Amino acid sequence: MSAVPSELPSAVADLTSRRSRAFRALCALAVLLALPGLLVGPLYDDWFHSFDAHAPHGWWKRLFGLYEFFGAEQVGQAREHGFLPWWSDDGLTIAFLRPLSSLLVAMNHLLLDGGGLLSHLHALLWFAAVSFAGWRVLRLLFEPAVARWATLLYALSAVHVLPLAFAAALHSYVSTLFALLSLECLIGAARGEGRRLQLWSLGWLVLAFAGGESAVVLLPIAGVLLWAEHGPRRALAWLAPHLALTLLVALLYFTLGYGAHHSSAYLQPGSAGFFRALVPRWLVLNGGLLASFPPDLWLYGAEPVQVAMGVIGLLLAALVLRGVLGELEPSAARRLLALLLGALLSLVAMTSAIPGGRLLLLPALFAAALFALAARRAARLWAEGRRARGVLLGAWVALFGVGLNPMFRVLVPRDLARVAVSLPAQARAVAEQCRGGTGLAVGVPDSNAAYLNGLFLKLPEAERPRVFHLISMAPGKHRLSQTAAGSFQLDVEGDFLALPWARIYRDTPIPVPSRQALLGVEVELLDASERGARLLLHTEPDGPRCWITVEKGQFNALQPRQGAPIEWTPSGAAP
């Protein structure tokens with residue numbers, strides 16, 4: 001019996017040394033994982049932002065309106081000229097009020113390299129600032145060691161993939177940084193450090209909303225935390241100005257027509273579609289928050305797996321939380337429970353957007369606190385000789401706290417860097433094939449095709465298609481028949497709007513029959529169901545036409561001839 005106390009100091013010292021080495025190793029890993037994003041060039045929205053920032057628009061659009069993609073009044077013209085697919089809903093609106101983020105992105109294009117290395121270094125500074133602000137908040141809530149470990153786990157998270165690798169996603173960091181500063185001041189004010197801090201908190205929240213609407217996630221997190229620490233009446237008193245500001249922003253969005261309308265990927269909060277998608281999307285986001293399973297895979301049809309991971313993450317986190325709370329002081333236990341509950345509630349608002357890790361930037365900080373506390377408990381269980389339980393808890397932290405994050409942090413930027421190089425090259429090849437003519441993309445079940453028009457804008461007018469239309473993103477079998485000099489029939493097997501990217505542009509079934517007159521072509525939909533669709537395409541009889549599909553990962557030309565129907569199933573995804 002007497003040997004046990006003498007062994008404990010040695011075991012504790014050994015454990016402390018191991019912790020120190022592990023901490024340094026993970027710090028080095030966090031730095032390394034931030035580097036792949038630097039190698040990604042301009043892509044996707046960057047191409048449109050570059051055009052808009054240099055276009056002869058008014059100064060507001062060029063500097064503060066880069067996230068105002070299009071409103072319902074612009075759908076007709078955008079559809080006619082191929083910048084929206086022909087099936088886009090007449091009321092489609094995707095426009096976000098992010099003036100501060102827009103200004104910073106405009107500076108990337110006007111003063112830096114428009115999505116290149118310098119733009120990513122700019123994003124890296126915001127990553128460092130967000131991590132530092134997160135540490136400042138955590139140290140107010142937990143012990144210093146817990147705050148350090150939680151910040152480190154947060155820095156390793158896959159939620160940073162897109163904000164670091166995709167220059168147009170800078171708004172995620174801008175909104176999160178100022179929301180964290182607002183939360184820090186609000187916590188200080190509620191603890192009696194001066195009413196002046198409450199004003200600072202409100203000011204930071206103004207900047208957070210100027211960065212992006214995702215700042216709204218601060219309210220449930222701060223509200224539940226203040227409720228747990230000070231009771232409902234005082235919590236409401238401290239949050240009243242912030243609630244009033246949020247209501248003002250919501251009214252501004254409503255009256256000026258901002259937000260997302262008539263899209264089944266972006267959902268209008270409070271709509272029937274929003275409530276139908278609420279539970280599965282909430283679980284998808286939970287999979288990213290508590291199981292390190294990236295929500296971004298939703299766009300690739302992974303929702304069933306993600307929902308399952310969300311359920312598993314919730315159940316296991318609840319079991320771990322029960323053990324962690326037992327060894328915390330009552331005040332710390334109350335804070336942790338409040339923060340996690342607030343984080344889960346904050347995801348409700350986020351279900352209106354396309355699921356993605358960037359939506360979790362603020363909630364993930366408090367999930368990281370749970371992982372850090374669980375890691376500490378695992379270490380203590382090991383030191384106390386309860387090694388089986390310690391190993392199980394440590395495995396949970398390793399699997400879900402770190403888990404696949406490093407792999408996604410490396411592979412996703414690598415793939416984006418490949419797209420940033422290969423897609424412009426393929427766009428130039430398509431432009432050469434379709435120069436001066438009407439481009440018709442059929443059987444391109446890949447979201448990259450939607451960005452070809454953005455790349456064509458960078459080419460001289462004489463070197464690009466007169467117009468380029470996305471006709472079909474269906475993944476099933478296609479059959480194209482020329483029925484007359486300028487008429488073609490396209491038969492598609494499977495749901496025409498099966499893919500999430502196709503549904504971005506519509507939230508209601510396409511009327512059957514229907515006609516859509518576009519520049520260079522008229523699309524007539526004769527039939528559409530889950531089994532397939534039948535379309536007639538009427539082009540200018542003697543006008544130049546260029547048919548494009550996806551075969552083996554490449555954009556390839558088709559050559560339909562009258563009396564000789566061609567059949568194919570799109571194979572592979574375009575780069």
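Described below are features of the structure shown in this document. Only a predicted model underlies this, so the values are computations on that prediction, with no experimental measurement involved.

### Structural notes on the overall build of the protein chain
In terms of helices and strands, the protein chain carries 20 helices and 13 strands. Compactness check: the protein chain gives a C-alpha radius of gyration of 26 Å against a globular reference of 25 Å for 575 residues, within 12% of the reference. Structurally, the protein chain occupies a C-alpha span of about 95 × 50 × 45 Å along its principal axes. Considering the protein chain as a whole, with its 575 residues, one finds that 56% of them fall into the buried category. Summed over its atoms, the accessible surface of the protein chain is roughly 24,500 Å², and 64% of this surface lies on carbon and sulfur atoms. Taking the average place of the 46 positive charges on the side chains of the protein chain and the average place of its 38 negative ones, the gap between the two points comes to 11 Å.

### Description of the packing of helix H6 (residues 117–141) against helix H7 (residues 144–156)
Helices that pack against each other are described as a pair by the angle of their axes relative to one another and the distance between those axes. Direction vectors running N to C along H6 and H7 enclose 150°, while the axes themselves pass 9 Å from each other. On the basis of the axis angle, H6 is roughly antiparallel to H7. In the crossing of H6 with H7, the sense of the turn from one axis to the other is right-handed. Counting all contacts with H6, which are made through Phe127, Val130, Ser131, Gly134, Trp135, Leu138 and Arg139, the residues of H7 involved are Ala147, Arg148, Ala150, Thr151, Tyr154 and Ala155. Grouping the constituent residues of the contact of H6 with H7 by class yields eight nonpolar, three polar and two charged.

### What about the sheet that holds strand S7 (residues 487–493)?
The sheet built from six strands is open, its strands ordered S8-S9-S10-S7-S6-S13 with antiparallel pairing. A strand with exactly one partner marks an edge of an open sheet, and here the two such strands are strand S8 (514–518) and strand S13 (566–568). Strand-to-strand, the axes of this sheet are offset by a mean angle of 20°, without reference to chain direction. Note: S7 against strand S10 (residues 532–539), seven bridges, orientation antiparallel. Opposite Asp491, over in S10, you have Arg534 as the bridge partner.

### As for the state of the cysteines
This structure, assessed with the given rule, holds one disulfide. Residue pairing for Cys434: its cysteine sulfur links by disulfide to Cys546, the two sulfurs lying 2.0 Å apart. Between Cys434 and Cys546, the S-S torsion sits near -50°, and that sign places the bridge as left-handed. In this pair, Cys434 is assigned in the loop between helix H18 (405–433) and strand S4 (438–442) and Cys546 in strand S11 (residues 545–551), connecting sequence segments 112 residues apart. For the pair Cys434 and Cys546, a shared accessibility class is recorded, and that class is buried.

### Here's the deal with the sheet that holds strand S2 (residues 93–95)
Taking strand neighbours across the sheet as the criterion, the three strands line up as S1-S2-S3 in an open arrangement whose pairing is antiparallel. The two strands at the open ends of the sheet, each matched to only one other strand, are strand S1 (68–70) and strand S3 (259–261). With strand direction ignored, the average angle separating the axes of adjacent strands in the sheet is 15°. Taken together, the two bridges between S1 and S2 define a ladder with antiparallel strand orientation. Bridge pairing in S2 places Glu68 opposite Ala95.

### A word on helix H12 (residues 232–256)
Between the first and last C-alpha of H12 there are 34 Å, a value that for 25 residues agrees with the 36 Å anticipated at 1.5 Å per step. A bend of about 50° at Leu239 is the largest found in H12, and the proline Pro241 appears one to four places after it. For H12, the set of buried residues is Ala235, Trp238, Leu239, His242, Leu245, Thr246, Val249 and Tyr253. Residues of H12 that are buried make contact with S2, helix H9 (170–190), helix H10 (196–211), helix H11 (218–230) and S3. Of the residues one or two after H12, Gly257 is the one with positive phi, at around 80°.

### Quick word on the packing of aromatic side chains
Taken as a whole and judged by the stated rule, the model has 25 aromatic pairs. A ring pair is formed by Phe132 and Trp135, whose centres lie 5.6 Å apart and whose planes are at 35°; its orientation type is tilted. Taken together, the positions of Phe132 and Trp135, both in helix H6 and three residues apart, correspond to about one turn of that helix. Look at Phe132 and you get partly exposed, because its relative accessible area is 47%. Looking at Trp135, the relative accessible area reads 26%, which means it is partly exposed. Here the aromatic cluster, defined as three or more aromatic residues joined through ring pairs, consists of Tyr44, Trp47, Phe48, Phe166, Tyr451 and Trp501.

Conventions and cut-offs
Residues numbered from 1 in each chain as written. Predicted model: local features only at pLDDT ≥ 70, side-chain atom pairs only at ≥ 80, totals over all residues. Heavy atoms only, no water. Helix = DSSP H or I, 4+ residues; strand = E, 2+ residues; numbered from the N terminus. Rg over C-alpha atoms; globule rule 2.2 N^0.38 Å. Buried < 20%, exposed > 50% of the residue type's maximum accessible area, 1.4 Å probe, protein only. Areas by Shrake-Rupley, 256 points an atom, 1.4 Å probe, with all protein chains shown as cover. Lys, Arg positive; Asp, Glu negative; His and termini not counted. Charge placed at Lys NZ, Arg CZ, Asp CG, Glu CD. Axes fitted to C-alpha atoms, helices over the stretch in contact; angles between N-to-C directions. Parallel < 35°, antiparallel > 145°, perpendicular 65-115°, else oblique. Left-handed = near helix turned anticlockwise from the far one by under 90°. Contact = heavy atoms within 4.5 Å. Nonpolar A, V, L, I, M, F, W, Y, C, P; charged D, E, K, R; others polar. Pairing = 2+ DSSP bridges. Disulfide = S-S within 2.5 Å. Expected span 1.5 Å × (residues − 1). Bend = angle between axes of the 7 residues up to and from the residue. Phe/Tyr/Trp six-rings, centres within 6.5 Å; stacked < 30°, edge-to-face > 60°.

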